[in-house]
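# Summary of structural features
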Amino acid sequence: MKIFRLGRFILYLLLTGLLVLSIAAAALTMKVASELPSIDALRDVQLQVPLRVYTRDRRLLAEFGEKRRNPVHIEDVPEDLVHAFLAAEDDRFFEHPGVDMFGLARAVFELIRTGEKRQGGSTITMQVARNFYLSREKTYLRKLSEIILAFRIEQSLSKPEILELYLNKIYLGHRAYGVEAAARVYYGTGIGDLSIAQMAMIAALPKAPSRVNPVNNPSAAKIRRNYILDRMHKLGFIDADTHAAARAEVDLAELHTVQAEAQAPWLAEMVRDEMVRRFGPQAYTSGYEVVTTLDTDRQAAANAAMRRALLDYSRRHGYRGPEGRAEPDGMEAGDWSGLLRDYPARGGLVAGLVTQVEEKSVQVVLRSGDTLGIEWDGLSWARPYKSANRKGPGPEKAADILAVGDIVRLEEDGDKWLLAQVPQVQGALVSLRPVDGAIVALVGGFDFGDSKFNRVTQAKRQPGSSFKPIIYSAALESGFTPATIVNDAPVVFDDAALEATWRPENYSGKFYGPTRLREALYRSRNLVSIRVLRTIGATRAASYAERFGFAAAQLPKDLTLALGSASATPLQMARAYAVFASGGYRVNPYFITRIHDAEGNVIEAARPVVACAECPPVLEDLQGREQPLPLAQAVITPQNAWLMDSMMRDVIQRGTGQRARALGRSDLGGKTGTTNDQMDAWFCGYNPSLVAVSWVGFDKLEPLGRGETGGRAALPMWMAYMGDALKGSPVMNRHQPEGLVTVRIDPQSGLLARSGQADGIFESFRSDSVPTEIAGGEGAPGGGPASVDDGSGELF
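Residues Phe550, Trp718 and Tyr721 are the most contacted members of the largest nonpolar core, which totals 126 residues. Beyond its immediate chain neighbours, meaning those up to four positions away, Trp718 contacts Ile652, Ala660, Leu663, Leu668, Gly669, Phe683, Gly685, Tyr686, Ala692, Val693 and Ser694. Counting 52 residues, the second largest nonpolar core, distinct from the first, contains Ala87, Tyr166, Val179 and Met199.

In structure tokens:
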């Protein structure tokens, strides 16, 4: 009887304990459940998607963000990939209610058997709960929260919806989140093009994505892949032949970076900076897509033009020698390429190791392991660099240039290779549409990986003579005409605004006497420009320059302004020349056309001012707006713009830019620019549909060398770009606006030509400024409307 009572007591005690434990468990469950977040948010979840930047024709420029993710809809996921994940993670996914009791039982048994909390029992739904709401810490409380959330998720979402969230959220190593991103990171393709073996490899990654992946640990990853293939076969997802072929497949995984479809890293960085300014850190994770104003073909033309111009300059000044040295002796030939690991490609120039030197050729091995030869016509240019103005003697044999072990740069030229070198000189090229300011091409230097400094927007350099058209436009506004005679003669200035006596000269060092204003511009006569500026006043000219987008307060108020002593970026110069190209309107450069959210909705669209009442077809990407685009401000008269355009077309037809006649177009205008000691070389030019500015110089303000003027160093870059950019487009000659009159004049005096004068030329004037005197008549050539006197009797 006592034993019966003791047994009954123990039974009551056990039942009471179970009841207490049940009540406690229920209370804990209710408490945990009450503190868990709502599942409703999963329906509208925003996955962290990187910022993507595109050209105007939707070519990828860049991707920014810590996480690489390309969300996909479940219906676009191949069935075999779904099966691979089910085999790897949760083969009863479509059967259980979010929690697999058999799996949990196995996990509990392992805990009792080993005494360790090992991972196990988590369904795909439970992993979704953990990935979206919980930490990855292994505690009983987190596991309870996971179970409760899994039941809730299953009640709120369908199985396909849960699977879609999982396949887009799961981390799969190397910054890849989701299956599409993983396919692109490891295999460089989308999920639709993966083999079954590759699908199994991706399904193998969630277990230990950072340690066991086909890049970091190929052997361990292959073991895990084959296990999943075995499971797929056992579960009937694949047949025996498919299973055997997949196990035998060699895995070719390697890291694939985002492949840009157009190369414009400096502009992509401008977009990144602007997006962070507008949206803060969310710019990197909210899935924004930015469509820029960039034109893919014109950007490619700009890249090629910049590269060619700087390589040509570098070659003109001689070879600076190998980029490095290595000792390949004693190494197997296949290992030589490892010596090049620290020499990535720069501006399209690949690195190579010289392994053999012949009489007139060398053998070079590349980082890829390929061996190639450089013949004498690719070597013979390499006279030693001595200074910006001096080279050493020409080489007679290959050994005069290179030795075995030299690490050199190579340029591919058709079917042959040339010895090259990364230029120390830098450059910039920017091109925009004058009708609205859209930037269609931008190159901020030779190689973005080598220098991220954007010389288009950040390099403030002296524009030299390329600033003269602003001064000449001010002169036309002040009563000058293209036929006004100004004396090109020596002059000495003791200007209080200057630090010392100033004796300016023309680039040639010569003086040419009385010169018409038009000729002075296209021949870039410095002394004429200085006298013109002295007549109109430096302060007045600086104020006038504000019409072109310059700040008068930042311009010098002395006569050096006539020679471009101000500081300006290439983008500022492009904006200024757009005034001439557009017929007198000032536009604002811009580079973002539209910003889309993660769902593809347009959340911001550009509304630039436009220099036209009805925009031409070039602006079709800005059409369809609910409100018309605002008109740009006319800052100079149509007559002034036409006359300046006429004078700058002469720069190309007969002046310092004559080399550009090779383009065979009559609608091109522009101006060369060269600063003292050839520190900067410019060409700023345009036609009515396109403005482009090219600049060449050293970042550290070193001289470019004798003869390296704007016409030699910068103009070829501009020509190469404009030749491609305008290929196939019709010539766009302007119509002469009302208020202008064209008459024949005497080229020496600027007065009306005599009847039958053989050397008379045509010139255009404002109707109120037409000369009234005839050349050789009374009072000529000393005065009249075709010349300017400073009041002292000296002809300007």
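One pass over the structure, following the stated rule, counts 12 aromatic pairs. When the centroid spacing of 5.4 Å and the interplanar angle of 65 degrees are considered together, the rings of Phe467 and Phe550 count as edge-to-face. Separated by 83 residues along the polypeptide, Phe467 in the loop between β13 (439–443) and α13 (468–477) and Phe550 in the loop between α16 (538–545) and α17 (570–581) bring together distant segments of the chain. Lys360 extends its terminal NZ or CZ atom over the ring of Trp376, reaching a point 4.2 Å from the ring centre.

Strand pairing within a sheet occurs via backbone hydrogen bonds; the two strands may be parallel or antiparallel. The strand order across the open sheet built from 5 strands is β2-β1-β3-β17-β18, with neighbouring strands paired in mixed fashion. Among the strands making up the open sheet, the edge pair consists of β2 (60–64) and β18 (602–605). Taken pair by pair, the neighbouring strands of this sheet meet at an average axis angle of 15 degrees, ignoring direction. Two elements, strand β17 (residues 592–596) and β18, share 3 bridges in a ladder whose sense is antiparallel. Opposite Ile595, over in β18, you have Glu604 as the bridge partner. Together, β1 (51–54), β2, β3 (289–292), β17 and β18 form the strand contacts of helix α11 (residues 265–279), whose direction differs from that of β17 by roughly 55 degrees.

Helix α8 (residues 196–203) packs onto helix α7 (residues 179–187) with a crossing angle of 115 degrees between their chain directions and a minimal axis gap of 11 Å. By the angle class used here, α7 and α8 are roughly perpendicular. Here α7 and α8 pass one another in a crossing that is right-handed. For the pair formed by α7 and α8, the contact residues are Val179, Ala182, Ala183 and Tyr187 on the first element and Gln198, Met201 and Ile202 on the second.

About the cut-offs
Residues numbered from 1 in each chain as written. Predicted model: local features only at pLDDT ≥ 70, side-chain atom pairs only at ≥ 80, totals over all residues. Heavy atoms only, no water. Core = buried A, V, L, I, M, F, W, Y, C linked by side-chain atoms within 4.5 Å. Buried < 20%, exposed > 50% of the residue type's maximum accessible area, 1.4 Å probe, protein only. Contact = heavy atoms within 4.5 Å. Phe/Tyr/Trp six-rings, centres within 6.5 Å; stacked < 30°, edge-to-face > 60°. Helix = DSSP H or I, 4+ residues; strand = E, 2+ residues; numbered from the N terminus. Lys NZ or Arg CZ within 6 Å of the ring centre and 35° of its normal. Pairing = 2+ DSSP bridges. Axes fitted to C-alpha atoms, helices over the stretch in contact; angles between N-to-C directions. Parallel < 35°, antiparallel > 145°, perpendicular 65-115°, else oblique. Left-handed = near helix turned anticlockwise from the far one by under 90°.

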